Amino acid sequence: MTVIAHQASVAAAAAIRRRTSRQRKRAFLRVAEQLVLVLLAVIILFPIVWMVMTAFKSPRDVYVYTMWFQPTLENFSEVFNPRWRIREKIINSIVISVTTVIIAMPIAVFAAYAFSRLAFPMKRAMFQWILLTQFIPAVTIVLPFYVMFRQLGLLDTYAALIIVDLAIVLPYAIWTIKGFIDAIPLETEEAAIVDGAGRFRVLWDIVVPMARPGILTAAIFCFIITWNEFLFGYLLSRQNVVPLSVGIVGFVLERGPVWELIAATGIIITIPMFFFAMMIQRHFTKGMNLGAVR
Amino acid sequence: MAGVQFKRVSKRWGDFVGVRDLDLIVEDKEFLVLLGPSGCGKTTTMRMVAGLEEPSGGEIWIGEDMVNDMTPRERDVAMVFQNYGLYPHMSVRDNIGYPLKIRGLSKAEIIRMVDAAAAKVELGPYLDRKPGQLSGGQRQRVALARSLVRTPRVFLMDEPLSNLDAKLRVVMRAELKHLHHELQITTIYVTHDQMEAMTLATRIAVMNHGVIQQLAAPEVIYNDPANLFVAGFIGSPSMNLMSGKLADGTFHAAGLTVSGIGGGTRDNVVLGVRPEDVTVTATGSGLFDAPVYAFELTGESVLVTVTVAGKQIAARADRHFRCQIGDNVGVRFDAARTYLFDATTDERIRL
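**So, the overall build of chain A**
Part 1 of the reasoning: On a plain count of helices and strands, chain A comes out with twelve helices and two strands.
Part 2 of the reasoning: Beginning at the N terminus, the succession of helices and strands in chain A can be written as α-α-α-α-α-α-α-α-α-α-α-β-β-α.
Part 3 of the reasoning: For chain A, whose C-alpha radius of gyration is 28 Å, the value lies well above the compact-globule estimate of 19 Å for 294 residues.
Part 4 of the reasoning: Principal-axis analysis of the C-alpha atoms gives chain A an extent of 100 × 70 × 35 Å.
Part 5 of the reasoning: When the 294 residues of chain A are sorted by exposure, 29% land in the buried category.
Part 6 of the reasoning: If you take every contact in chain A between residues at least 6 apart in sequence, the share linking residues at least 24 apart comes to 77%.

**Digging into the overall build of chain B**
Part 1 of the reasoning: The helix and strand tally for chain B stands at nine helices and 20 strands.
Part 2 of the reasoning: Along the three orthogonal principal directions, the C-alpha set of chain B runs to about 75 × 45 × 35 Å.
Part 3 of the reasoning: Counting every position in chain B, which comprises 351 residues, the buried fraction comes to 42%.
Part 4 of the reasoning: If you take every contact in chain B between residues at least 6 apart in sequence, the share linking residues at least 24 apart comes to 65%.

**Describing the pairing of strand β14 (residues 266-273) of chain B**
Residues and elements named next belong to chain B.
Part 1 of the reasoning: Strand direction decides the pairing type here: strand β11 (residues 240-247) and β14, joined by six bridges, are antiparallel. Each residue of the ladder has a partner; that of G244, found in β14, is V269.
Part 2 of the reasoning: As judged from the five bridges shared by β14 and strand β20 (residues 338-342), these two strands associate in the antiparallel manner. Across the sheet, G272 pairs through a bridge with Y339, a residue of β20.

**Let's talk about the sheet that holds strand β19 (residues 328-333) of chain B**
Residues and elements named next belong to chain B.
Part 1 of the reasoning: What the five strands build is an open sheet, ordered β15-β19-β16-β17-β18; its pairing is antiparallel. Single-partner strands in this sheet number two, and they are β15 (278-281) and β18 (311-317). Going across the sheet, the axis of each strand differs from the next one's by a mean of 45 degrees, ignoring polarity.
Part 2 of the reasoning: Here five bridges tie strand β16 (residues 288-297) to strand β17 (residues 302-308), and the two strands are oriented antiparallel to one another. Counted as the bridge partner of F295 is V304 from β17.

**A short note on the interface of chain A and chain B**
Reports often express the size of an interface as the amount of accessible area lost when the parts come together.
Part 1 of the reasoning: With 19 residues of chain A in contact, the opposing surface of chain B contributes 22 residues.
Part 2 of the reasoning: Contributions of two or more residues to the side of chain A that touches chain B are made by α7 (186-194) and α8 (199-210) of chain A.
Part 3 of the reasoning: When residues in the side of chain A that touches chain B are grouped by element, the largest group, six residues, is from α7 of chain A.
Part 4 of the reasoning: Partitioning the side of chain A that touches chain B into residue classes produces eleven nonpolar, three polar and five charged.

**So, α8 of chain A**
All names here are of chain A.
Part 1 of the reasoning: The first and last C-alpha atoms of α8 sit 15 Å apart over twelve residues, in line with the 16 Å expected at 1.5 Å per residue.
Part 2 of the reasoning: Those residues of α8 lying buried are V202, D205, I206, V207 and M210. Seen along its axis, α8 keeps its buried residues to an arc of 155 degrees; they face one direction.
Part 3 of the reasoning: Those residues of α8 that are buried lie in contact with α3 (86-117), α6 (158-182), α7 and α9 (212-228).

**Some remarks on the sheet that holds strand β8 (residues 186-191) of chain B**
Residues and elements named next belong to chain B.
Part 1 of the reasoning: Reading across the sheet, the six strands line up as β6-β7-β8-β3-β9-β10 and stay open at both edges, with mixed pairing between neighbours. The sheet terminates laterally at β6 (77-80) and β10 (211-216), the two strands that pair on one side only. The sheet shows a mean angle of 20 degrees between the axes of neighbouring strands, taken without regard to direction.
Part 2 of the reasoning: Looking at chain direction, strand β7 (residues 154-158) and β8 are connected through five bridges and run parallel. If you follow V154 over to β8, its bridge partner there is T186.
Part 3 of the reasoning: Lying on the sheet, helix α5 (residues 136-148) is in contact with β6 and β7; it crosses β6 at an angle near 175 degrees.

**Some remarks on the pairing of β17 of chain B**
Residues and elements named next belong to chain B.
Part 1 of the reasoning: Here β16 folds back onto β17, and the loop between the two strands holds four residues, one of which, G299, carries a positive phi near 105 degrees.
Part 2 of the reasoning: Sheet analysis places β17 next to β18, joined by seven bridges and oriented antiparallel. Bridge pairing in β18 links T307 to Q312.

**Some details on the confidence of the model for chain B**
Residue and element names in this part refer to chain B.
Part 1 of the reasoning: When the pLDDT values of chain B are averaged, the result is 90; 100% of them are 70 or greater.
Part 2 of the reasoning: At the level of individual helices and strands, chain B shows its lowest average pLDDT in strand β13 (residues 256-259), which scores 83, and its highest in strand β3 (residues 31-35), which scores 95.
Part 3 of the reasoning: Here the complex is predicted with pTM 0.80, and the ipTM for its interfaces comes to 0.84.

**What to know about the environment of D205 of chain A**
Part 1 of the reasoning: Note on placement: D205 of chain A falls in helix α8.
Part 2 of the reasoning: For the pair formed by D205 of chain A and L154 of chain A, sequence separation is 51 residues and the distance between their alpha carbons is 38 Å.

**What about helix α5 (residues 138-151) of chain A?**
Part 1 of the reasoning: With 14 residues, α5 of chain A should reach 20 Å at 1.5 Å per residue; the first-to-last C-alpha distance of 20 Å fits that figure.
Part 2 of the reasoning: G153 of chain A occupies a position one or two residues after α5 of chain A and carries a positive phi of about 70 degrees.

**Overview of the confidence of the model for chain A**
In low-pLDDT segments, the atomic positions of the prediction should not be examined closely.
All names here are of chain A.
Part 1 of the reasoning: Residues of chain A with pLDDT of at least 70 account for 93%, and the chain-wide mean is 87.
Part 2 of the reasoning: The secondary-structure element of chain A with the lowest mean pLDDT is helix α12 (residues 259-290), recorded at 79, while α3 shows the highest, at 95.
Part 3 of the reasoning: pLDDT under 50 marks residues 289-294. Its contacts with residues more than four places away, or in other chains, come to 14 contacts.

**Quick look at the nonpolar core**
Part 1 of the reasoning: Among the nonpolar cores identified, the biggest contains 145 residues, and A108 and I177 of chain A together with V49, A145, L156 and I188 of chain B are the most heavily contacted of them.
Part 2 of the reasoning: Per-element tally for this core: the top contributor is α6 of chain A, with 13 residues.
Part 3 of the reasoning: Aside from chain neighbours lying at most four places away, what touches I188 of chain B is V4, V26, L32, L34, M46, V49, V154 and L156 of chain B.
Part 4 of the reasoning: Grouped together as the second largest cluster of nonpolar side chains are eight residues, A55, V79, V258 and A263 of chain A included.

**Side note on unusual backbone geometry**
All names here are of chain B.
Part 1 of the reasoning: The residue after S236, namely P237, is reached through a cis peptide bond having omega -5 degrees.
Part 2 of the reasoning: Its place among the elements puts P237 in the loop between α9 (228-233) and β11.
Part 3 of the reasoning: Even without being a glycine, H209 presents a positive backbone phi close to 50 degrees.
Part 4 of the reasoning: Examined against the element boundaries, H209 turns out to sit in the loop between β9 (203-208) and β10.
Part 5 of the reasoning: On the basis of neighbour counts, which here come to 15 C-beta atoms within 10 Å, the residue H209 falls in the partly exposed class.
Part 6 of the reasoning: One non-glycine residue, D346, lies in positive phi territory at about 70 degrees.
Part 7 of the reasoning: Counting through the fold element by element, D346 comes out in the segment after β20.

**A look at the environment of V101 of chain A**
Residues and elements named next belong to chain A.
Part 1 of the reasoning: Looking at the element boundaries, V101 is found in helix α3.
Part 2 of the reasoning: Expressed as a C-alpha distance, the spacing of V101 and Y234, which sit 133 residues apart in the sequence, is 20 Å.
Part 3 of the reasoning: Not counting the four nearest positions on each side in its chain, V101 is found in contact with A219, C222 and F223.

**Notes on the environment of V252 of chain A**
Part 1 of the reasoning: With respect to the secondary-structure elements, V252 of chain A resides in strand β1 (residues 252-253).
Part 2 of the reasoning: Distance from V252 of chain A to M53 of chain A, taken between C-alpha atoms, is 19 Å for residues 199 residues apart in sequence.

What counts and how
Residues numbered from 1 in each chain as written. Chains lettered and ligands numbered in written order. Predicted model: local features only at pLDDT ≥ 70, side-chain atom pairs only at ≥ 80, totals over all residues. Helix = DSSP H or I, 4+ residues; strand = E, 2+ residues; numbered from the N terminus. Rg over C-alpha atoms; globule rule 2.2 N^0.38 Å. Buried ≥ 20, exposed ≤ 12 C-beta atoms within 10 Å, placed from the backbone. Contact = placed C-beta atoms within 7 Å. Pairing = 2+ DSSP bridges. Axes fitted to C-alpha atoms, helices over the stretch in contact; angles between N-to-C directions. Nonpolar A, V, L, I, M, F, W, Y, C, P; charged D, E, K, R; others polar. Expected span 1.5 Å × (residues − 1). Arc of directions from axis to C-beta. pLDDT = per-residue confidence, 0-100. Core = buried A, V, L, I, M, F, W, Y, C linked by C-beta atoms within 7 Å.

Rendered as structure tokens:
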């Protein structure tokens, strides 16, 4: 009797030990997970923190690694000193990005609709080619582009940069918007057709409003891509249409880079991105609520 | 207002034949139901009238117009879709008014007509809502109101009730019938539900494999089926079909003989009798005795299924009739209430 009781208690103790060891293991995994996340966050956030801090440092603090310094707005007022021509470059970037988006969106909507709903020869192949253009490294084609635009006399013009940006942005926009158009029930469009709408009417009254979250998302991403575009902006502009992203290079002087001005300009470049990130978030949730009606 | 005429209309996709050489005249003001299993070509037929599908051959006429080359808008038809096809980003009012807006009517006129259409289907209080905020039945009403707001020449309805729950379906069915009576607009209605077909139709066209099997009034379809397909498709539970042979006016099948079936002699026939024409009696007093396989109460009657030589035969009995599974019962039916079919051609043999 006692032997049996003893055996039972031994077994119970072993079970408890097993359970606690399992719990310990789980706790360890959780801590490890957190550590990895923190590490990743540090790696990703460090450059941003550095940029923000440097932007508010006075020149003599820049090379000092400290969290404690006298913050100053001097760099921002210096950046806008006419000799750096930053105001002009901001306008250039706005003109290039906004024009690109305004031209790209209607084209992308038409193309996406065609790829989604219409039947035409080579449809699949063409759709894949559009994606393939995205795989070509920009550096490999930037020189031919340079030569081409020089021949056309378009170097250092808005037209050149907008054309190039359209080529960069359109495949992405078409793919994104097509995904949203695919999700619209065909029945909704057919209902409009029977109600008397023609193709363009269907597109404007039904497809565009229903794909609105996708179109807005694509538009915002396209804006961000053109806003941040550097390589083509650097090679195809001289002085008239230098975009803001390229403007940073202007702070690399003979005596070396002026880090505090580069950082301040970096913040100016980044500000619109924050607003867009918030807009995208809001639109995505709205888009999900809208849904389709069965 | 106008009738619809199909002249040798066909629809093929590659080798697949959706609709084969269809000849059909839908009379003005008629409620024609296209009935059949899925894939029988009924929806394709309807979509060709709407202009959503182009016929591979033949002509479609609406009233005095050959519409093959007309846009859906020029055809002036309205359609109610299975999933309603509402515009989720528009209010109910804008949904209903959309066909009018496209036709360029004035704002005041649109408001007046939308109000009238909404009143017909009792949607008045919901005009400012979005379709997503409505129940299934209300969405269905929006789709209806949108189709009747402009008084089209032809109504097309593609399984409009199939997404509703059973109770609501019965209510909406009556509403549809009433609306058709009130508006007197030619209607083509697609369904696979025989109850809907029987209750709504002026005439039913039973389709299978892209061909009309029988075109007739509901009572004719039910009481005088043209072939085995129609006989088996219409009726619930479906008609009892027994394979056997006919010898001198007597039908012989495993486990039973029925005399008085005409006077001919032929092999390979199928004898059909509806469950409501089969009577359950005391043992020894019927055509044959058989054990009860299943006994089901339906409320207004009971269903008794018996097994004869491995085949089941269903009978509808009085609602007060009771028996147990395994009981032996007698089964009787009147030769005059049976249907004879050729088992090779599936065609009805008229006696």
